Amino acid sequence: QHLTGTLVLSVFTAVLGFFQFGYSLGVINAPQKVIEAHYGRVLGIVPLDGHATNTSREDGTDPQAGTKGTLAPLADTSEDLATSSHILTMYWSLSVSVFAVGGMVSSFTVGWVGDRLGRVKAMLVVNVLSIAGNLLMGLAKFGPSHILIIAGRAVTGLYCGLSSGLVPMYVSEVSPTALRGALGTLHQLAIVTGILISQVLGLDFLLGNDEMWPLLLGLSGMAALLQFFLLLLCPESPRYLYIKLGKVEEAKRNLKRLRGNCDPMKEIAEMEKEKQEAASEKKVSIRQLFTSSKYRQAVIVALMVQISQQFSGINAIFYYSTNIFERAGVDQPVYATIGVGVVNTVFTVISVFLVEKAGRRSLFLAGLMGMLISAVAMTVGLVLLSQFAWMSYVSMIAIFLFVIFFEVGPGPIPWFIVAELFSQGPRPAAIAVAGFCNWACNFIVGMCFQYIADLCGPYVFAIFAALLLLFFLFAYFKVPETKGKSFEEIAAVFRRKKLSAKAMTELQDLRATEEA
C-alpha cells in the first residue's frame, strides 16, 4: 500500500477544490474595512468611520442608478447614521454568508452529478462555476460592486458545495484502505492552507487595499484553472468504473496506474463484493435515508458531526478573528490573525499523522473537550479585560488553543467520516445530506454571529462553550470508531448499537410487566 505518482497527483488535484473553499472562507476577513468603505461610496452612504463623502465616486462617475433614492447621500442625524450602518452590516453579512447559500443549494446535487458524469468529469465541469464566480468578484469595481460581489460569492459557493462533496468521494475511492484516513485529512489541510494564503495576501500592503481588493477576491480562479488542466491527467475512480459502470478492464487499468505494479485483484475482489452488495441494496434516496430505521443511527451521527464542526465557534473565529484581537487589545490584529492561520496549518499537518494512529473517535472527543476549555478561558479573558490588562493574553492564548484543538478532531474528521459510515447504496445520499447540513450551519453562523456578538459582547463564546459540551456528550455516547474498519464492519457496529438499545427497552418493558 504505497504512494504512487498518479495517486499523489490525483489526490493533490482533487484537493485543490478544497483549497479554493478555504481561500473563499478566509479571503473575506482581512479586507472587510476597505470593502465596506467601498460599499458605502457606491451606495452613497457615509462609510462607518464617519467621513462624509458626496454621492459621486472617486473617479467622478455617478454610482449605479439602481441604488439612488434609497438613502440621503449625507447622513445628517445619528438616526441616519444608524440606518446606514445597518444597511452596510446587512450587505456585508450577505457578502460573507451568501457563499454558504450557494453551498447549501448545490451540495444536494453532488450525488447525482458525481454519478452522472463520473467523479473526474464532474470536478472538471464544476470548475466553470468557480472561474465564473471569481471573474464576477475580480471585476467588482466596474459595476455595482456590492451586487457583483454578492453574486460572485454565491456562484463560488455553488462551486464549493459541489466540490466539497465530489472531492471526498473521489479521494476516498482512489485511496488504499491503509491511507484512507491520512489522505482524507488532506481536505482540511487544503482548506486551512487556502485560509492562510488568503489572509497573507489580504495584508494591506499586498492585496488588501483600496486598489487591489477585487484581484484578492477573484484570485482563487487561478487555482480553478490549474485544477482544470491537472484533472485531464487524473484517472477516473476505479470504484466508480467498476461498481457503477461495470467497466472491469478500465477499472483494472486505472487501479494499476494508481497502485503501481502491485496486483489489483485483491481490491477488485473487494469492489466485486461491494458491487454485489450495492446491487442487493437499492440506491437509497434522501427520503429513505431518514425514514428507514436501518440508517437512522448513522444519519444522526453524520449530521451531528457536521453540526458540531460548524457550531463549535470555529467559523466565528475565522470570520471575525481580526475583530476579536482588536477587542483583546492587540496593536496589529491582522498579524495575530495570520498567526492563527499558521498554527492552524501546522496542527492540521500533525493531525494527518494522528488520525491513523489514534483513531477518529478519540481525536474527535479530545478536540471537543479542548475547545470547550478554551472557549471558557476566552470568555473569562474577554469579560475581565476591562479590570486586568493581562487578561488580553489569556483570551489570545485561548484563541490559539481553540484552533489547535479544532484541527485535532472536529476539523478534519467530519469530511471523511461520513463516507466511512455508509456503504455504496446510501453513501451519495448521506454525503449530500451531511454536506447540506454543514453548509446550512455555516450560513447560520456567518449570518448571525455579528449580531449575536453585538448583543452578548464578551459572553458570546459562552454560548459556544455550552454547545461544545452538548456535542462532547453526544460524541461520547454515539460516535463509533471507524479507523481501519471496512464499510461493512462499521455498518455492523450500528446494527449492534441498535440491537442493544432495543434489548434495553425490551428489558424495561419486561420489568414493567413484572412489577405490574
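Residues numbered from 1 in each chain as written. Predicted model: local features only at pLDDT ≥ 70, side-chain atom pairs only at ≥ 80, totals over all residues. Heavy atoms only, no water.

Okay, the nonpolar core next. Membership of the largest hydrophobic core comes to 99 residues, with the highest contact counts inside it found for Phe21, Leu289 and Phe422. Top contributing element to this core by residue count: helix 20 (residues 427-456), with eleven residues. Two domains share this core, each providing at least three of its residues, namely domain 1 (7-46 + 80-234) and domain 2 (286-485). Dropping the residues within four chain positions of it, phenylalanine 422 is found in contact with Leu289, Ala298, Val299, Ala302, Arg427, Ala430 and Phe487. In this structure, Ile28, Val34, Leu88 and Trp213 belong to the second largest nonpolar core, which totals 19 residues. (Core = buried A, V, L, I, M, F, W, Y, C linked by side-chain atoms within 4.5 Å. Buried < 20%, exposed > 50% of the residue type's maximum accessible area, 1.4 Å probe, protein only. Helix = DSSP H or I, 4+ residues; strand = E, 2+ residues; numbered from the N terminus. Domains from an automatic or database assignment. Contact = heavy atoms within 4.5 Å.)

A word on a positive patch on the surface. A contiguous patch of positive charge on the surface is contributed by Lys294, Arg296, Arg495, Lys498 and Lys502. Listed by contribution, the elements that provide at least two residues to the positive patch are helix 14 (293-310) and helix 22 (487-515). Sorting elements by how many residues they give to the positive patch places helix 22 first, with three residues. Residue class for lysine 294 comes out exposed when judged on its relative accessible area of 51%. (Patch = residues over 30% accessible without salt bridge, like charges linked within 9 Å, V, L, I, M, F, W, Y side chains within 5 Å. Areas by Shrake-Rupley, 256 points an atom, 1.4 Å probe, with all protein chains shown as cover. Salt bridge = Lys/Arg side-chain N within 4 Å of Asp/Glu carboxyl O. Lys, Arg positive; Asp, Glu negative; His and termini not counted. Charge placed at Lys NZ, Arg CZ, Asp CG, Glu CD.)

Mapping valine 340 onto the fold places it in helix 16 (residues 333-358). Since its relative accessible area comes to 2%, valine 340 is described here as buried. For valine 340, the contacting residues outside a window of four places in its chain are Phe318, Phe325, Ile399, Phe400 and Val403.

A separate point is the packing of aromatic side chains. Across all of its chains, the model carries 15 aromatic pairs by this definition. Consider the rings of phenylalanine 21 and phenylalanine 99, whose centres lie 6.1 Å apart with planes at 40°: the pair is tilted. Highlighted residues: phenylalanine 21 in helix 1 (residues 5-27) and phenylalanine 99 in helix 3 (residues 78-107), separated in sequence by 78 residues. What links up through ring pairs into an aromatic cluster is the set Phe18, Phe21, Phe99, Trp415 and Trp439. Taking the ring centre of tyrosine 476 as reference, the NZ or CZ of arginine 361 above it sits at 5.6 Å. (Phe/Tyr/Trp six-rings, centres within 6.5 Å; stacked < 30°, edge-to-face > 60°. Lys NZ or Arg CZ within 6 Å of the ring centre and 35° of its normal.)

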